[in-house]
Amino acid sequence: MKIKHLLASFVIFPLLAQEPAANPAPSTEPVLTGSIDLGYRFTSIGGSSDVYNSVVNLHDGPRLIGLQFTLTDPHHRLFDRIDVRADNWGGDPYNSVHLNATKKNIYDFNFDYRDIAYFNLLPSFADPMLGNGIVLDEDSYFTRRRMSDFQLDLFPAHRIVPFLAYGRDSGQGTGITNFVSDVNVYPVADNMFDKTDNYRGGVRLEFNRWHATLEQGGTTLRDDQDAYASGFNGGNVYQPYFGQMLYLTALSQAYGVTGDSIYTKALFTANPLPWVDLYGQFLYSQPQTNVNYTQYDNGSLVLLRSLLFYTGEQALGYSEAKQPHTSGNLAFELRPVKRVRVRESWMTDRLHTAAAGLLTDMIVQPAAATTPSLLASLLAVNYNQEQVELLVDATSKLTLRGGYRYSWGDAQEPAPLLTGGGQESSQLRQQAGLAGFHFRPIQKLTLNADFEGAASDHAYFRTSLYNYQRMTARARYQLAAKLSLQAVFSLLDNQNPTPGVNYDFLSRQNSLSVSWTPSKRVTVLGEYTRSTLRSNINYLDPEFLSPEQSLYRDNAHSANALIDVALPGYAKLTPRLAFGGSLFISTGSRPTTFYQPLARLSVPIRKNLLWKSEYRYYGYGEIFYNYEGFRAHLLETGFTISH
Amino acid sequence: MRSNSAALFLLLCWPAGAQTAPAAPAASTAPTVPTYVGSQTCQPCHEDIYNAIQKSPHGQVDTQKHRWEHEACESCHGPGSKHADSAEASAIVNPAKLTAARTDRICLNCHLNQPTHIGRPESVHARNQVACTACHSVHGHGPNGLVPRKAAAVNELCAGCHTAVWAEFQRPFKHRLPEGAMSCVDCHNPHGSIFQANFQSYAANEPACFKCHGNLRGPFTYEHAPVRLEGCGACHEPHGSANPRMLARAEVRYLCLECHTNRPAAPGPIKNPPALGGVPPAFHNLLSPQFRNCTVCHLKVHGSYVSQELLK
């Protein structure tokens, strides 16, 4: 190529020499590079399509599987470079786009968009009538969440970076929710819409010895939910109540929630001396909401507290809630001598929710007195933590670590109404010892362990971490140039011996992974994990207060593998075949199997054209709920065109 | 060059030295202090790396006045004159072979004073001696070459160490990470955070969960305290679960009853109970399918705007 250019220049040179002045040669840098991945998916689904949609939700049709391109401007006018990537468009349940545009020393712009569909309809989850063969699809939904984020960083000076950002998170969908009317519960249709807009801006000051980030932001919230019904709805309780059948004939229930918040963020780091690093942050937010609630319902209904049967009810409610939330952190790292580091960190997190409002409930048929009730509550949480750690590089190959953490706090929340209302409070007092080491005896072997053991005087909840040991150990060995192994062991053992609680929780995970390249043409990646979970805790049966024990077990095998093989090539083009997939098999409280084998074939047709096909199988089964199983074959085939 | 001069000096001095008492060798054993030679010196032997760096964000180090101007390579590898003279690998600092702490110091020389590192003292990675170079490819090519940006590539990088966590994502109910719709860094800040498990924050100090689940952010008139005190992980297994809705128990009632029990039978306000969340005796007969999933009635389990019992 270079010789060609040289010859050409020799030929052209005499001609150019006659001209008074030659224009500079245009840049040969490509302006647009990238690839587009188009395909078609065929599916064959057997078993429960509702559960398939809840777990996988991939269907037939043409797809834009991926798109990736870079646009560069050799003249650097509006931008130096724009990178765009997009994935899974054309009907898939998760679509994404990302765009990054930069101009050196002027700006950096990022845009991110995601659209994720959530479908959830599991008959076993919330269908009290299932045993009678009636499936009312209770507590199911189909929503889409769309998230957009824009951020613009400006570089007016080398060390001062102002930034502006905007984000929107919105959700919209339908579902089936329940209308609870004292004795009976009625599955009803539901519309949901919510959106949160987030605006923020600030400045980063980045100097050699210190940095500060100041950010001010705000959000606005809108959350509308409508539940409605018309026609006879017998609900979940089919038995007469005091001789009278209960049913719903009409419902209109609406929540109109608006909210906003301001928030402030101030971050600071510095290294005033070569042996000191300082860190500090102050975070404050104050979200608040205003709620309008309306409810109209008709049918044969009962008011439990006065045993009043009625046919029409109206309720109107209004409430406001505020939640000032302050967090702060100060920390430093000292390096008094070369091999020793001391890390000290203190943090506080204070959150108070205060709410007040009024709910007016009126029985309109037969006419009865209006019952106003005050809506008011207070939740207060104060959390503090102090931690110190000492890290010593005992040798160039061994680092030892030890430390101590003390966490303390208190919380208040409304007590249940049946206990007389008011507030109940609890405390947190926890002391934890920290230890660990990192050992690299030879370049190819790394051993690492992290241990945390704690004892508590108080904890907020019965299942909170109380007296616990948490440990992770990891070994990584490069057995040969092309073979590396990794083993990971992790454990969490939490005990709360308080009489009546007797919580015994043990979670253990053992994992082994291998990366092997036996030849230039073959790569093997594999991973196996064995996880076991045991949880025992005492509780009282709510009706008879008889002591019971909640037992939960989850013992699982998980494996992932992918073998990638470069097939014999032709015309300097190399087809590739990859196969493997994952499996999950569990026993215990909810025995489940989930298989996802796959095979991929990519065959280059020309230098810039690739034919790709992928086959996947999804097999899902549950022993206790075998009607929820499904099997699906997916074949996706298409072309990747690159430029 | 230096060794040739020393040899010539030795030859000239030898006769004189032979006539007198043995003298100390003339400065030949004194260690030479390495000096900076500039990135251009590195280019001929390390052309591919040099070219890659020029197109990466680290390329701007070469243009930083008053700091590392024209010395981008030596900003990490230290002064390179010895290595340039001898071409020996041992004559220059190789961050890949240093302890994690020393490697990190090299990176933090420039990067400490940036907002991403504000949570470093609490960082699980820093605590476990995971060096910056474990994730960042310092010689990476192109503006996005230092670390993966695409969600699937980020997940692959994290899964390389966190194999057991990645195994949880192979369970049927999980966040959409294996599909590439989300990445680990959507929820976790690998550089560290004051929140547990290097958790990201949203709107200053709220959990990152609310970035996508804004409708559950509240504040609610009636909060469900564990959401605020212990986070979503009190009931959900966010990496993946065999239980619907990523719940931590196979049936909802057990998840609820493990906390909501043990209240003394006598009604009345309870001061300093052993734990929050106890409830008084109720008419719920757990043998009835109606009461097996508490969220059939207590719908607003994340918090309610109108009902203290979270019924509507």
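All figures in this text were calculated on a predicted structure; none of them were measured in a lab. (Residues numbered from 1 in each chain as written. Chains lettered and ligands numbered in written order. Predicted model: local features only at pLDDT ≥ 70, side-chain atom pairs only at ≥ 80, totals over all residues.)

1. Focus: the overall build of chain B
Piece 1. Counting its secondary structure elements, chain B contains 12 helices and four strands.
Piece 2. In chain B, which comprises 312 residues, the share counted as buried stands at 45%.
Piece 3. Once local pairs closer than 6 in sequence are excluded, the contacts in chain B between residues at least 24 apart make up 52%. (Helix = DSSP H or I, 4+ residues; strand = E, 2+ residues; numbered from the N terminus. Buried ≥ 20, exposed ≤ 12 C-beta atoms within 10 Å, placed from the backbone. Contact = placed C-beta atoms within 7 Å.)

2. Considerations on the overall build of chain A
Piece 1. Helix and strand counts for chain A come out as two helices and 27 strands.
Piece 2. Each principal axis of the C-alpha distribution contributes one length, and for chain A these read about 110 × 65 × 55 Å.
Piece 3. Counting only residues that meet the buried cut, chain A has 30% of its 643 residues in that class.
Piece 4. Taking all contacts inside chain A whose residues are at least 6 apart in sequence as the whole, residues at least 24 apart take part in 58%.

3. Section: the interface of chain A and chain B
Piece 1. Listed by partner, the interface residues are 142 residues for chain A and 92 residues for chain B.
Piece 2. No other element matches strand 11 (residues 276-303) of chain A, which puts 11 residues into the side of chain A that touches chain B.
Piece 3. Taken together, the residues of the side of chain A that touches chain B break down into 53 nonpolar, 59 polar and 30 charged. (Nonpolar A, V, L, I, M, F, W, Y, C, P; charged D, E, K, R; others polar.)

4. Details of the pairing of strand 25 (residues 592-606) of chain A
All names here are of chain A.
Piece 1. In terms of strand pairing, strand 24 (residues 576-588) meets strand 25 through 11 bridges, oriented antiparallel. Bridge assignment links serine 586 to a residue of strand 25, and that residue is threonine 592.
Piece 2. Here 12 bridges tie strand 25 to strand 26 (residues 609-622), and the two strands are oriented antiparallel to one another. When the bridges of strand 26 are listed, tyrosine 595 appears paired with glycine 619. (Pairing = 2+ DSSP bridges.)

5. Brief notes about the nonpolar core
Piece 1. Membership of the largest hydrophobic core comes to 32 residues, with the highest contact counts inside it found for A:Ala411, A:Ala459, A:Tyr460, A:Phe461, B:Leu255, B:Cys256 and B:Leu276.
Piece 2. In terms of residues, this core owes the most to one element, helix 12 (residues 252-257) of chain B, which gives five residues. (Core = buried A, V, L, I, M, F, W, Y, C linked by C-beta atoms within 7 Å.)

6. Quick look at the domain arrangement of chain B
Piece 1. For chain B, the assigned domains are domain 1 (34-120) and domain 2 (218-263 + 276-312).
Piece 2. With centres defined by C-alpha atoms, the gap from domain 1 of chain B to domain 2 of chain B works out at 54 Å. (Domains from an automatic or database assignment.)

7. Structural notes on the pairing of strand 24 of chain A
Piece 1. Summarising the sheet, strand 23 (residues 547-566) of chain A and strand 24 of chain A pair through 13 bridges and their orientation is antiparallel. Bridged to A:Ala561 within strand 24 of chain A is A:Gly581.

8. Observations concerning unusual backbone geometry
Piece 1. Cis geometry marks the peptide bond from B:Gly218 to B:Pro219, where omega comes out at 5°.
Piece 2. A positive phi angle is found at A:Asn105, which is not glycine, with a value near 65°.
Piece 3. Summarising the element assignment, A:Asn105 is placed in the loop between strand 4 (94-103) and strand 5 (107-120).
Piece 4. Here the phi dihedral of A:Leu307 falls at roughly 45°; this positive angle occurs in a residue that is not glycine.
Piece 5. Relative to the assigned elements, A:Leu307 resides in the loop between strand 11 and strand 12 (308-322).
Piece 6. Look at A:Leu307 and you get exposed, because 10 C-beta atoms sit within 10 Å.

9. Here we look at the confidence of the model for chain B
All names here are of chain B.
Piece 1. Confidence in the prediction of chain B, expressed as mean pLDDT, is 83, and 85% of residues score 70 or more.
Piece 2. No element of chain B has a lower mean pLDDT than helix 1 (residues 2-19), at 43, and none a higher one than strand 4 (residues 303-304), at 94.
Piece 3. Contacts for the low-pLDDT stretch residues 265-271, under 50 throughout, to residues beyond four places or in other chains number 15 contacts. (pLDDT = per-residue confidence, 0-100.)

10. Focus on helix 8 (residues 151-159) of chain B
Piece 1. When helix 8 of chain B is considered as a whole, its buried residues turn out to be B:Ala151, B:Val154, B:Asn155, B:Leu157, B:Cys158 and B:Ala159.
Piece 2. Summarising the contacts, the buried residues of helix 8 of chain B are in contact with helix 9 (163-168) of chain B.

11. Focus on the environment of A:Ala632
All names here are of chain A.
Piece 1. Counting through the fold element by element, alanine 632 comes out in strand 27 (residues 630-642).
Piece 2. As for alanine 632 and tyrosine 52, which are separated by 580 residues in sequence, their C-alpha atoms are 8.2 Å apart.
Piece 3. Discounting chain neighbours no more than four positions away, the residues touching alanine 632 are Thr43, Ser44, Ile45, Tyr52, Val56, Tyr617 and Tyr618.

12. Concerning the environment of B:Pro148
Residues and elements named next belong to chain B.
Piece 1. Structurally, proline 148 is set in the loop between helix 7 (124-127) and helix 8.
Piece 2. As for proline 148 and glutamate 69, which are separated by 79 residues in sequence, their C-alpha atoms are 27 Å apart.
Piece 3. Not counting the four nearest positions on each side in its chain, proline 148 is found in contact with Ala153, Val154 and Leu157.

13. Some details on the environment of A:Leu447
Residue and element names in this part refer to chain A.
Piece 1. When you line up the elements, leucine 447 lands in strand 18 (residues 445-458).
Piece 2. A residue is classified by how many C-beta atoms lie within 10 Å of it, and leucine 447, with 16 of them, is partly exposed.
Piece 3. Spatially, the C-alpha atom of leucine 447 lies 69 Å from that of serine 300, the residues being 147 residues apart in sequence.
Piece 4. With residues up to four places along the chain from it excluded, the contact list for leucine 447 reads Phe439 and Ala475.

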